[in-house]
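If you want the building blocks of each chain, they are given just below.
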Amino acid sequence: MSASTPPAPPRWRVRFQLYLTAVLALLALVAGSAVSWLNYRSASSQLIDSHVTQFDYAVSAAESRTEHLLAPVDATLQMLGGSALVTAGSLAARLEALPLLIRALRQDQRLSALYLGYPDGEFFLLRPLDSPDSRRLFMAPPDSRYLVQGIDQQDGQRWMQFVYLDEAGRVLYRQRLLSPPFDPRTRGWYQSAVRAAGQRILTEPYRFYTTGEAGASVAREIAPGVVAGADLSLQDLSRWLVRQPRISRSEIVLYDATSLRLLASSLPPQPDRHGLALPELGNQGSAAMAALARGPHPLGAYPVEVDGEPWRVVVRALPQTSYGPPLRLAVLVPEDELLAAARAEGARALLLTGILVLVVVPLAWWIAGRVSASLVELAGRARAIHALDFSPRPPLHSAIREIDDLARTMSGMRLTLGNFMNMGLALAAEHRFDSLLSRILHETVAAAQAEGGCLYLAKEKQMQAVQAIWQSQPLACERVHWQTALLGGLYHTDRLSLPLDEEQWSRYLADWGPFPGPRQLLVEPLHNHRQELIGC
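Residues numbered from 1 in each chain as written. Predicted model: local features only at pLDDT ≥ 70, side-chain atom pairs only at ≥ 80, totals over all residues. Heavy atoms only, no water.

The subject of this paragraph is the overall build of the protein chain. Looking only at helices and strands, one finds 13 helices and 21 strands in the protein chain. Taken over 536 residues, the protein chain has a buried fraction of 43%. A separation of at least 24 residues holds for 52% of the contacts in the protein chain among residues at least 6 apart in sequence. (Helix = DSSP H or I, 4+ residues; strand = E, 2+ residues; numbered from the N terminus. Buried < 20%, exposed > 50% of the residue type's maximum accessible area, 1.4 Å probe, protein only. Contact = heavy atoms within 4.5 Å.)

This is the structure in C-alpha cells:
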C-alpha cells in the first residue's frame, strides 16, 4: 500500500448522539448493578451474622434449659444422700423411705425413675406408672401408680421383688422372683459415678425401655460405694426446640457428637429399628440431618449442600463435664429462605437501577444531542472551508471547553485562509508599490492575529524597514532597525520562530514600546522568482 493512500474508513460508524447515550446508559446500568450487588452481599452478610447471633442466644438458652433439667435432679440425688436409703440393708427397710422418693417423682415429672445401687450388688428402684401403657408393660393392677423393683439377698439367693403401689403409696400387690443376672456394679452409670468421686455424671443418652422416650441417666456417688441415679427424659427439651422461632424449613437438632445419635429435634422423631438405641442422626428422613451426619462436624458456621441445594449450618457445643458425652446443638437453614430478604432487597435495587436507566436514556439523549449539534455545525463549517467558502458565520459557543476551543480555532482558520485569499486577490489588483507593501503588511498581521509587524526589504545587502505597525498604529521605520543578532538566522533557514522574554525585548525591541508580555516572534522570508531573498 502506498504511503499516500488514505486510511480506510471504519467498517461501521455510529452517530455521536447514539454513542454517548449508550455509554451513559451503560455506565448507569453498571454502576446500579454494582451497587445492587454490594448491597446484596452486605445484606446477606448481615442476615447470616444475625442468624448466627440469634442461634447463639438459643444455645445459651439451651445451656440454661439443660442446667434447668439437671440441677433439680442433682439436688434430689444429694437429698437421697442424707436419707435412710444409704444405710438400709434390706428391701423392707428401704420401703420405709418410699414417701421421700414418691415426693421427688411428683415434684419433677420429667423423671422416669429413681434408683440406688449398693456396693454388695443390691438394687432399689422406684418408677411411676402414670400411663396405661406403662401399667400394661409391667402387668400392674389397674390402680397401680408406682412400681418398686428391688434386688436383695436372702438365704444365699438373689431375689428380684416387684411391689405395686397406689397413689398414696400403699402396697397393692407383691411379686418375688429369682433375680435375673443384673448387677448395678457392672452398669456404666454406677462405674462412672464411682470414678467421679462425688461429682454428678451424665451418661450417654439412650431410649428408655418403658416409654420409648429419649433420655439419659444422671448419677452421683452419695456414700462410699452407694450410687443414686435418676432416668431423665429429654422430651421437654424436644418440645422446647419445637417452640423456638425459626425459618419455615429450618431444623434444630441436639445430638451426641461421638455416636451421632439424635437426642432432640424440632422435627417429629422417626421410629428406630434398633429398639432401645436412640435414632441415628442420618436416619430421620431429613436430607439436612443426613448431610450433617455425613460430616465433617466442625464447630462454627459453614455452608453444606443438601440434595443440590445450598444450606447454612451453625454448630455449637453445649457445656460438657468430664463425665458426660459431648453434646452438640445445630441449626440447619436453607440458604434461599435465609437470604430471602436480601434477595428481595437486591431485586428492588435492580428495579430502581432499571428505572434510573429509563430516566438516564432520554436525559443522555438530550445532552448528547446538544453536544452533537455543535459537532455537526463544526463539521459543516469544515466542509465549507474545504469548498473554499470563507463567508462569515455567526460565532459558535459551547459549554464544553474542547468544542469551544475547536470552534474558535476553526473560526480563526477560516479568517486566516480568507484573509490570505483576499490578500492574494488584492495583491493581484494593486498597481502602486507603496500601497502594495502596506497591504501586504496589514493583511499578514491580520491573518496571523499578531499585535504588530514590520516589512523589511533587502537593500544594498542589508535589510531595511519599509513598513511597520504596532498595536494597530503606524510605527516609524527609524525605530525598527534590523537586529542581526536576533534575526540573522533567517539567512540560513526558511523561517524563524523565536520566543521573546523581557530580557530579549529590552535588548532588541525596546524601540517598539513597553514589553507586552511573553510573545512569539515569527519571521517569514520573501523570495523572488529566482528564490533569492528579497525581504521578510
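Here we take up the pattern of salt bridges. With the rule as written, the count across this model stands at eight salt bridges. Its salt-bridge partner being Glu122, residue Arg94 comes within 2.6 Å of it at the nearest N-O pair. With a gap of 28 residues between them, Arg94 in helix H2 (residues 91-95) and Glu122 in the loop between strand E1 (111-117) and strand E2 (123-128) connect regions that are remote in the sequence. With relative accessibility at 2%, the residue Arg94 sits in the buried group. (Salt bridge = Lys/Arg side-chain N within 4 Å of Asp/Glu carboxyl O.)

With that settled, the discussion passes to the nonpolar core. One finds Phe124, Leu126 and Val148 to be the most contacted residues of the largest nonpolar core, which totals 32 residues. Element by element, the count of residues in this core is highest for helix H3 (residues 98-107), at six residues. For Leu126, the residues in contact, after removing those within four places along its chain, are Leu98, Leu101, Ile102, Leu105, Ala113, Leu114, Tyr146, Leu147, Val148 and Leu165. In this structure, Val480, Leu496, Tyr508 and Trp512 belong to the second largest nonpolar core, which totals 21 residues. (Core = buried A, V, L, I, M, F, W, Y, C linked by side-chain atoms within 4.5 Å.)

Let us now look at the confidence of the model for the protein chain. Looking at the protein chain as a whole, its pLDDT mean stands at 77, while 80% of the residues score no less than 70. Taken element by element, the protein chain is modelled with least confidence in helix H6 (residues 235-243), mean pLDDT 66, and with most confidence in E2, mean pLDDT 91. (pLDDT = per-residue confidence, 0-100.)

As for its placement among the helices and strands, Leu441 is situated in helix H11 (residues 433-448). Sequence separation of Leu441 and Gly453 is 12 residues, and the distance between their C-alpha atoms is 7.0 Å. Residues in contact with Leu441, not counting those within four places in the same chain, are Gly453, Cys454, Leu455, Gln467, Ala468 and Ile469.

This next bit is on the packing of aromatic side chains. If you walk through the whole model with that rule in mind, you get eight aromatic pairs. Centre to centre, the rings of Trp470 and Trp512 are 5.7 Å apart; their planes meet at 90 degrees, and the pair counts as edge-to-face. Note that Trp470 is positioned in strand E16 (residues 462-470) and Trp512 in the loop between helix H13 (502-508) and strand E19 (519-523), a separation of 42 residues in sequence. For Trp512, a relative accessible area of 12% puts it in the buried group. Ring-pair connections join several aromatic residues into one group, and the members of that group are Tyr115, Phe123, Trp189 and Tyr190. A cation over a ring is seen here: Arg94 above Tyr118, with NZ or CZ 4.0 Å from the ring centre. The cationic tip of Arg176 hangs over the ring face of Trp159; the distance from NZ or CZ to the ring centre is 4.0 Å. (Phe/Tyr/Trp six-rings, centres within 6.5 Å; stacked < 30°, edge-to-face > 60°. Lys NZ or Arg CZ within 6 Å of the ring centre and 35° of its normal.)

Listing the buried residues of helix H5 (residues 188-196) in full gives Trp189, Tyr190, Ala193 and Ala196. Taken down its axis, H5 places every buried residue within 130 degrees of arc, on the same side. Where H5 is buried, its residues touch E1, E2, strand E6 (201-202), strand E8 (214-223) and strand E9 (226-233). Positive phi appears at Ala197, one or two residues downstream of H5, with a value of about 55 degrees. (Arc of directions from axis to C-beta.)

Now for the environment of Arg348. Position of Arg348 relative to the elements: it lies in helix H9 (residues 340-386). A C-alpha to C-alpha distance of 8.6 Å links Arg348 and Ser36, two positions 312 residues apart in sequence.

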